[in-house]
Amino acid sequence: MEEKKEREDLLPAGLVLDDRYHILRCIGIGGFGITYLCEDTKKERKVAVKEYFPAQWARREETYVMVRKSSMVQAFRFGMQSFIDEAEILAEFVKTSHIVTFYDIFHENDTVYLVMEYIDGISVGRMMRERGYQPYTPEEMAQILLPVLEGLRQMHKKGIIHGDVSPGNLMCRKDREICLIDLGAARCYKEKKPVLSAAFLKPEYAAPEQFRTARRGFSQEEGPWTDIYAVGAVMFYLLTGQRSPDAVSRAGGNELEKPAELSEKWMEIIRQCMALEIEKRIQEVRILTERIQKLLEEEQDDQHRDL
């Protein structure tokens, strides 16, 4: 039933948006949007076009996006503004390494569309599934996460957090470059205004303060340390092939245990990223980057001495 509903919600292949974006196929469906692979007929290149389509508030009528009930209009409009805010944030990072490039925004079909570079590759989450959840070595993990940390450093420098770092939002291009995608939850963390963060929470990767934000409807505590928590959870996943317990269950006593195959030194870094208390967490991506690089160097020196 759900698959049928999703097919009915999709715009058909062959439809042209904004007189230039020829839909080839759907490449992603999320809570607030549907992403299509399109051919940009003016630039003669493939692009990803993300449509604002909050399934809980909207329905499709031919190509148009309609609000389900009058009581949902305000929520629909608030979500649309958040969608537009995503475009403004993406525009801050055009041609920034390791962050998806934003091209355009336009209104059509009573909704909004974002046009971004199409990354021909595979998500880190899918990579892990295809390898049967076999853990990565620390060197392999660093090849994935160090570029992510550089992208986050550029965002944090401008006062913006990603807010949704997870394996599914890390794309590996065919040239093996890693790129952060989906800035739907990104925002200026210094602004204290209402947010829709509950819709973006991925429990295993969400910091405790994000759960509190979801309950309140606005953020008081989030910052670079929030993304660092998520990076720590991704690090745990890559090095163990296991998902960490979420912050709520950890607060209830479900400890973050060290798997036997993981060294205590790597586990210590993960614990410092994923500390439940903000003040005990690593605060800057620069510090985390240095910690990872230093431990890699120490392990390489140990290996050379053993030869």
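Note that this is a predicted model, so its numbers are computed, not measured. (Residues numbered from 1 in each chain as written. Predicted model: local features only at pLDDT ≥ 70, side-chain atom pairs only at ≥ 80, totals over all residues. Heavy atoms only, no water.)

Trainee: Please explain helix 5 (residues 208-216) as it appears in this structure.
Mentor: Because the α-helix completes a turn every 3.6 residues, residues three or four places apart line up on one side. Every buried residue of helix 5 is accounted for by Pro 208, Glu 209, Gln 210, Phe 211 and Thr 213. In this fold, the buried residues of helix 5 make contact with strand 13 (187-188), helix 6 (224-240) and helix 7 (247-251). With its phi angle positive at about 90°, Gly 217 sits one or two positions after the end of helix 5. (Buried < 20%, exposed > 50% of the residue type's maximum accessible area, 1.4 Å probe, protein only. Helix = DSSP H or I, 4+ residues; strand = E, 2+ residues; numbered from the N terminus. Contact = heavy atoms within 4.5 Å.)

Trainee: Explanation requested: the sheet that holds strand 9 (residues 121-123) in the structure shown.
Mentor: Backbone hydrogen bonds are what pair the strands of a sheet, in a parallel or an antiparallel way. The sheet built from 3 strands is open, its strands ordered 9-11-12 with antiparallel pairing. In the strand order of this sheet, the two ends are held by strand 9 and strand 12 (178-180), each with one partner. For this sheet, the mean angle separating the axes of adjacent strands, direction not counted, is 30°. As paired strands, strand 9 and strand 11 (residues 170-173) are joined by 3 bridges and run antiparallel to one another. Residue pairing in the sheet places Ile 122 in a bridge with Cys 172 of strand 11. Packing against the sheet, helix 4 (residues 138-157) makes contact with strand 11 and strand 12, and its axis sits at approximately 35° to strand 12. (Pairing = 2+ DSSP bridges. Axes fitted to C-alpha atoms, helices over the stretch in contact; angles between N-to-C directions.)

Trainee: Explanation requested: the nonpolar core in the structure shown.
Mentor: A general feature of soluble globular proteins is that nonpolar side chains tend to end up buried together. Of all hydrophobic cores here, the largest spans 88 residues; its most connected members are Leu 145, Met 235, Trp 266 and Leu 288. If you tally residues by element for this core, the top one is helix 6, at 11 residues. Excluding residues within four positions of it along the chain, Trp 266 makes contact with Pro 138, Met 141, Met 235, Leu 239, Ile 292, Leu 295, Leu 296 and Glu 299. (Core = buried A, V, L, I, M, F, W, Y, C linked by side-chain atoms within 4.5 Å.)

Trainee: Before we go on, may I ask you to explain the pattern of salt bridges in this structure?
Mentor: Note on pairing: side chains with opposite charge can pair once their charged atoms come close. The final tally for this structure, using the stated rule, is 24 salt bridges. Residue Arg 59 is joined to Glu 61 by a salt bridge in which the shortest nitrogen-to-oxygen separation is 2.9 Å. Here Arg 59 falls in the partly exposed class, since its relative accessible area comes to 32%. For Glu 61, a relative accessible area of 40% corresponds to the partly exposed category. The network of salt bridges with shared partners includes Arg 20, Asp 40 and Arg 45. (Salt bridge = Lys/Arg side-chain N within 4 Å of Asp/Glu carboxyl O.)

Trainee: Which parts of the structure should I look at to understand the packing of helix 4 against helix 6?
Mentor: Angle between the axes and distance between the axes: these two values describe a pair of packed helices. Their axes nearest at 11 Å, the elements helix 4 and helix 6 cross at an angle of 165°. As judged from the angle between their axes, helix 4 and helix 6 are roughly antiparallel. The crossing of helix 4 and helix 6 is right-handed. Only Pro 224, Asp 227, Val 231, Val 234, Met 235, Leu 238 and Leu 239 of helix 6 make contact with helix 4, whose side of the interface consists of Pro 138, Met 141, Ile 144, Leu 145, Leu 149, Leu 152 and His 156. Considering only residue class, the contact of helix 4 with helix 6 consists of 12 nonpolar, 1 polar and 1 charged. (Parallel < 35°, antiparallel > 145°, perpendicular 65-115°, else oblique. Left-handed = near helix turned anticlockwise from the far one by under 90°. Nonpolar A, V, L, I, M, F, W, Y, C, P; charged D, E, K, R; others polar.)

Trainee: Hey, could you run me through the side chain of Arg 250 in this one?
Mentor: Relative to the helices and strands, Arg 250 resides in helix 7. Of the side chains with opposite charge, Glu 255 comes closest to the buried, unpaired Arg 250, at an N-O distance of 6.2 Å. Residues contacting Arg 250, with those up to four places away along its chain left out, are Tyr 229, Pro 245, Leu 256, Met 274 and Leu 276. (Lys, Arg positive; Asp, Glu negative; His and termini not counted.)

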